[in-house]
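Chain and residue survey
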Amino acid sequence: MKHAWILSWLLLVTGSVLATTIVVKPGPDALRKAISSARPGDTLAVQPGLYREHSLQVDQRLTILGNGMPVIDAEYKYPGFLITADSVTIQGLQIQHTGRSSISDIAGVRVSNAGYVTLRNNKVLDCTYGIYLQNAQHCQVEGNTVHSGIKNEINGGNGIHAWKCDALQISSNNISGHRDGIYFEFVTNSGIENNLSSTNQRYGLHFMFSHHDTYTKNIFRENGAGVAVMYTREVTMTDNTFIQNWGDASYGLLLKEITDSHITHNRFIKNTIAIHMEGTTRVSVQRNLFQDNGWALRVMASSSGSQFTGNNFIGNSFDVATNGTLMLNEFHRNYWDKYDGYDLNRDQVGDVPHYPVSVYAVISEKIPSAMILYRSFLTSIMEQVEKVMPSIIPDQLKDDQPFMKKLEL
Amino acid sequence: MKTIIKYVLIDLLKNRTILIYTLVLAVLTISVTGMSDNMSKGMLSLLNITLLFVPIISILFATIYFFNSAEFTELLLAQPIRRKSMLLASYTGIATALGLAYLAGVGVTVCILYNSLAAIALVVGGVLLTLIFSALALLIFVVFKDKTRGIGAAIITALFFTLLFDGLLLAFIYSFSDYPIDEPLLAFISLNPVDLARILVLLQLDAAVMMGYSGALFKKFMGSATGSIYTAVCMLCWMVIPLILAVRVFRKKDI
Amino acid sequence: MIRIHHLTKSFKKFRALDDINLQLERGQAVSLLGPNGSGKTTLIKSILGLVIPEKGSIHINGQEIRSHWSYRSKIGYMPQIGRYPENMTIRQVLAMLREVRKDCRQYDEELIRQFDLPAIDHKLMRNLSGGTRQKVSACLAFLFSPDILILDEPTAGLDPLASEILKDKIARERANGKLVLITSHVLSDLEDITSHVVYLQEGKLICFKTVDELKESTGQHQLNKVIAAMMQTHLHENNY
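Residues numbered from 1 in each chain as written. Chains lettered and ligands numbered in written order. Predicted model: local features only at pLDDT ≥ 70, side-chain atom pairs only at ≥ 80, totals over all residues.

**A word on the overall build of chain B**
The criterion, for reference: Secondary structure elements follow DSSP: runs of H or I of four or more residues count as helices, runs of E of two or more count as strands, with numbering from the N terminus. Atoms considered for the radius of gyration are the C-alpha atoms alone. The globule rule reads 2.2 Å times the number of residues to the power 0.38. Exposure is read from a count of other C-beta atoms within 10 Å of each residue's own; the residue is exposed at 12 or fewer, buried at 20 or more and partly exposed in between. C-beta atoms are placed from the backbone. A pair of residues counts as a contact when their C-beta atoms, built from backbone coordinates, are within 7 Å of each other.
Of the regular secondary structure elements, chain B holds 12 helices and 0 strands. Traced from its N-terminal end to its C-terminal end, chain B shows the element sequence α-α-α-α-α-α-α-α-α-α-α-α. Radius of gyration (C-alpha) of chain B: 19 Å, near the 18 Å computed for a compact globule of 255 residues. When burial is assessed residue by residue, chain B has 51% of its 255 residues classed as buried. Taking the intrachain contacts of chain B between residues at least 6 apart in sequence as the baseline, contacts between residues at least 24 apart amount to 79%.

**Describing the interface of chain B and chain C**
Interfaces are often described in size by the accessible area the parts lose on coming together. Heads up, the condition is: Amino acid classes used here: Ala, Val, Leu, Ile, Met, Phe, Trp, Tyr, Cys and Pro are nonpolar; Asp, Glu, Lys and Arg are charged; the rest, including Gly, are polar.
With 21 residues of chain B at the interface, the matching set in chain C holds 26 residues. Contributions of two or more residues to the side of chain B that touches chain C are made by α1 (2-12) and α4 (70-77) of chain B. Looking at which element gives the most residues to the side of chain B that touches chain C, the answer is α4 of chain B, with 6 residues. For the side of chain B that touches chain C, the per-class residue count stands at 10 nonpolar, 4 polar and 7 charged.

**Some thoughts on the arrangement of the chains**
Summarising the chain contacts, 2 pairs of chains touch, and the pair with the most contacts is chains A and B. Here chain A and chain C are not in contact; the least distance found between their C-alpha atoms is 35 Å.

**A look at the interface of chain A and chain B**
In this complex, chain A contributes 18 residues to the contact, which on the side of chain B involves 32 residues. Within the side of chain A that touches chain B, the residues separate by chemical class into 10 nonpolar, 6 polar and 2 charged.

**Section: the environment of leucine 124 of chain C**
Residues and elements named next belong to chain C. Among the secondary structure elements, leucine 124 is positioned in the loop between α3 (110-114) and α4 (130-143). Judged by the 16 C-beta atoms lying within 10 Å of it, leucine 124 is partly exposed. In this view, leucine 124 contacts Glu86, Asn87 and Thr89; residues no more than four positions away in its chain are not counted.

**A word on the packing of helix α9 (residues 193-202) of chain B against helix α12 (residues 225-251) of chain B**
A pair of packed helices can be characterised by two numbers: the angle between their axes and the separation between those axes. Residue and element names in this part refer to chain B. Short version of the rule: Here, axes are lines fitted to C-alpha atoms. For helices the fit covers the stretch in contact, and angles between N-to-C directions go from 0 to 180 degrees. Roughly parallel refers to an angle under 35 degrees, roughly antiparallel to one over 145, roughly perpendicular to one between 65 and 115, and oblique to any angle outside these ranges. In this scheme the crossing of two helices becomes right-handed for a clockwise turn of the near helix relative to the far one and left-handed for an anticlockwise turn of less than a right angle.
The contact between α9 and α12 brings their axes to 10 Å, and the two run at 155 degrees. By the angle class used here, α9 and α12 are roughly antiparallel. In terms of crossing hand, the pair formed by α9 and α12 is left-handed. When α9 is examined against α12, the residues Pro193, Leu196, Ala197, Ile199 and Leu200 are found in contact with a partner set consisting of Ser228, Thr231, Cys234, Met235 and Trp238. Broken down by class, the residue content of the contact of α9 with α12 amounts to 8 nonpolar, 2 polar and no charged.

**Examining the UniProt feature "transmembrane region" (unreviewed entry) in chain B**
Residues and elements named next belong to chain B. What counts here: UniProt positions are given in the numbering used here, feature names are shortened, and annotations may be inferred rather than shown by experiment.
The UniProt record marks residues 18-36, 42-67, 88-114, 120-144, 151-176, 196-217 and 229-250 with the feature "transmembrane region" (unreviewed entry), using the residue numbering of this structure. For residues 18-36, the end-to-end C-alpha separation is 27 Å, with 95% helix and 0% strand making up the annotated structure. Secondary structure over residues 120-144 splits into 96% helix and 0% strand, and the C-alpha atoms at its two ends are 36 Å apart.

**As for the sheet that holds strand β7 (residues 148-152) of chain C**
All names here are of chain C. Rules: Two strands are said to pair when DSSP picks up at least two bridges between them.
As summarised here, the arrangement of the 6 strands in space is β6-β7-β8-β3-β9-β10, forming an open sheet in which the pairing is mixed. With partners counted over all chains shown, the strands left at the sheet margins are β6 (75-78) and β10 (204-210), one partner each. Adjacent strand axes in the sheet meet at a mean angle of 15 degrees when their direction is disregarded. In terms of strand pairing, strand β9 (residues 196-201) meets β10 through 6 bridges, oriented antiparallel. Opposite valine 197, over in β10, you have lysine 209 as the bridge partner. The sheet strands contacting helix α1 (residues 40-48) are β3 (29-33), β6, β7, β8 (179-183) and β9, and the helix crosses β7 at an angle near 145 degrees. Contacting β6 and β7, α4 runs over the sheet at an angle of about 175 degrees to β6.

**Some thoughts on the pairing of strand β30 (residues 273-278) of chain A**
Residues and elements named next belong to chain A. Most of β30 sits inside the fold, with 5 of its 6 residues counted as buried. Here β30 pairs with strand β33 (residues 295-299) via 4 bridges, running parallel. Counted as the bridge partner of histidine 276 is arginine 298 from β33.

**So, the UniProt feature "domain: Periplasmic copper-binding protein NosD beta helix" (unreviewed entry) in chain A**
Summarizing the sequence annotation, UniProt attributes the feature "domain: Periplasmic copper-binding protein NosD beta helix" (unreviewed entry) to residues 81-150 and 156-341 of chain A in the numbering used throughout. Structurally, residues 156-341 of chain A is divided into 0% helix and 58% strand, and its ends, taken at the C-alpha atoms, are 51 Å apart.

**Notes on the sheet that holds strand β5 (residues 63-64) of chain C**
Residue and element names in this part refer to chain C. With antiparallel pairing, 4 strands are arranged side by side in an open sheet as β2-β1-β4-β5. Of all the strands in the sheet, the pair left with one neighbour each is β2 (14-24) and β5. Pairing of strand β1 (residues 2-11) with strand β4 (residues 55-60) involves 5 bridges; the strand directions are antiparallel. Of the residues in β4, the one forming a bridge with isoleucine 2 is isoleucine 60. Sitting on the sheet, α1 is in contact with β1, β2 and β4, with an inclination near 60 degrees to β2.

**Observations concerning helix α6 (residues 117-143) of chain B**
Just so we agree on the cut-off: Any helix carries an expected span of 1.5 Å times its number of residues minus one.
For α6 of chain B, which comprises 27 residues, the first-to-last C-alpha distance of 38 Å matches the rise-based estimate of 39 Å (1.5 Å per residue) to within 8%. Of all the 27 residues making up α6 of chain B, 23 are buried; the element is thus mostly covered by neighbouring parts of the structure.

Dropping the structure here:
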């Protein structure tokens, strides 16, 4: 690693000897002229001001540095930057007001068939798509603010959209108000870190067929439908926060056809459904906090081989719901605030198993209309009766070693 | 009529049961609000307390009171006053006393602490339930001659609305789950004032999301302003219709 | 003053009043007698409008009482059992009735004074003995100087002194030209104040006569003996 740094520093130093810095000031087509007149390796120092320019194609290795956040405005008609060369850097620009089109995806910054592109500390405002990476590799998208004020998910595009990419690093971005905050399709071996994705119309994070990706320390807050993860294997999600994804059809995390993945040490707070699992195989859910959710876990019968270990379940309306009678997933050593067993040998583990599925959760899962009786006296009596005489809930669905006290996560 | 209301209130505000009822509600409210760390949970607990206590206490207490004051009612009816005025005046008196007990026990604390739309819905719901179950008690009083039977009927009525009705509803939902039953459900739920009160309050809370999760029609409808008004109107009907029936029966009743 | 015409009332299958015809006038003190379940209370309640007649009519001062309620301002009623709201004081009960009877401005407070109620009028009704409650009932019946007094078992539960006070009051009111209608089991109690006897059995009016006529026809001098004799004859008639 150290060598790599020294190497790149050397490259930079030697490069800068050859390369020149071009100062760009506002004027008719100033940027376009500067880009076309520059030579590979040059740096454009863009001075503050408003640049009414669009469809700027960067087809050679350039570094475009904004000074004092210059504004590039596409006047609600055109796309912003199109990057088709490797190793381009765009930094410190405010790119705004792209056009909208239902035929082509118009983006603030589009990277197409290129590698090693860096997009850093830009503001991408009110663009249909914010940053659009297609067939890109080893790119860094870092510290950008991507915001749009779309009203519905049909007109809008995604904040950071990546298609058929590899080894991306998406970190410390703030994405809001788009259709999907971050959208991945066929993106592999990438890292998503420290991003805040909030108040997007649909999903804060949405990915499909994107294997071997790692999601760490991101916050997904108040998105229309939370986070959806589908048809992917080997996903790692750690230290993320899924919070306030609270709506009629909102998920903290929707997992569909996910295989061999790890969901560790995340916090799920106040989501309608914290984790929904459908057709998943061997997913381990460990050391997460589930607090104040409507449903903490909805595990469909099509899921199998998952392990739920060492999680805290606190203040959820329903801890676990399922639609089948068979349960092929295992629950071990979790803390359930609804557990009312005892611990005679004082080993901090309850002596009788905990059945985390409530009858009413089972019934309302089968027949959603039964939700009309939510919180009625009848349902609480049913819970009590079921505790004494279990008959409806799947009996394999239990935690044999429930913890007596909240776990330190 | 005003005179009778006034004296019924004078009598009831010194009534031990009313005072204890107020006190129990107040203690429950304060402990529940003190224990729950957020408003939503506190409100849910208070909702459950309201749905459980208000119907049964209102109907039982009112029924017993009506039967106990049957002789005094007779004496008053021997005076030159209308039967209707007499009946409605004692109803107003008792419903006011019980309503005030609820307001003092739950309403004040909730409105000061939470002061939200949900809190208002809870207080409105609780007061409406009080009015409704006092009206049902009045109907029981005019229909039954015998106090013991009247009390029996009161208990059954309260039990029916707090528990049995929901059981039947669940059985209905279960048996017809393959059909679109959202609209019939909406109609059925209007037949139970306790469910109406529950939904009126729930839909003002975060918990509403859970009820609407399946995209249920009733949530969309009941959650709207029109829905809230509909709920309130239904509940008012639940108060007015028993009163009208009671007055009708009482007009021809031999005392 | 009170004219009862073919009055009939049944409770389910039980016929409580069977074609009663009666004409009662001012200045009469009528004892309403008969065994339990003979229809005395039903008759009283019919006059008060508490029981709704099945057939027949009742006129008071020439006015049919059905569906009117204002005629009751002329009647003072003392019920058999006086039960009052528990947490009201005697004073409040009296005040309440006064407020209910806003139509009346002239109060007859003689009995209140004689029973010495002002001395205890701060007491709650639930703390009163049955006798004291009877006194309150009696006071209420006379309070608004009604033309007609209907007293259901007025002396039951009263101590002898109070009983005497009440009887004196009844006698005086009768002398003032009022109509007094009394039911009682204790026949000797009514001896001195009764002018007429109405005898009911199984809902039927057996006789309506003055005390003197009765004494003459039965040859007895004491009222209770008169009644006993009458019951006997009646039973006799029934048996054959």
